[in-house]
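Structural features, examined
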Amino acid sequence: MSHPDPVHVSDALSAFPYPGTERELLRFVQRTGADETVVRAIAALPSGVYGNSAEVMRTIIDRLG
């Protein structure tokens, strides 16, 4: 899987009410019609609570590394 554009991740999560779990993030991006690359990347996040979009993006990059 290619890395999603960080701007797309940030845009897709800009209205998300942090903190949130990976499941909450996934439901949010699916509900708001995020790009499929972003949805796949969020779906692959490990369980946990994420404090902001930068933390989400760091985790995505680390996982896809």
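It should be noted that the structure appears before, not after, this text.
My aim in this report is to walk through the structure given alongside it, one point at a time.

For the structure shown, the criterion picks out two aromatic pairs. With 4.9 Å between their ring centres and 70° between their planes, Phe 16 and Tyr 18 make a pair best called edge-to-face. Classification of Phe 16 as buried rests on a relative accessible area of 9%. Taking the relative accessible area as the measure of exposure, Tyr 18 reaches 23% and is therefore partly exposed. When the ring of Phe 16 is compared with that of Phe 28, the centres are 5.4 Å apart and the planes differ by 80°; the resulting orientation is edge-to-face. One end of the pair, Phe 16, is in the loop between helix 1 (6-12) and strand 1 (20-21); the other, Phe 28, is in helix 2 (residues 22-31), with twelve residues separating them in the sequence. Since its relative accessible area comes to 10%, Phe 28 is described here as buried.

What counts and what doesn't
Residues numbered from 1 in each chain as written. Predicted model: local features only at pLDDT ≥ 70, side-chain atom pairs only at ≥ 80, totals over all residues. Heavy atoms only, no water. Phe/Tyr/Trp six-rings, centres within 6.5 Å; stacked < 30°, edge-to-face > 60°. Buried < 20%, exposed > 50% of the residue type's maximum accessible area, 1.4 Å probe, protein only. Helix = DSSP H or I, 4+ residues; strand = E, 2+ residues; numbered from the N terminus.

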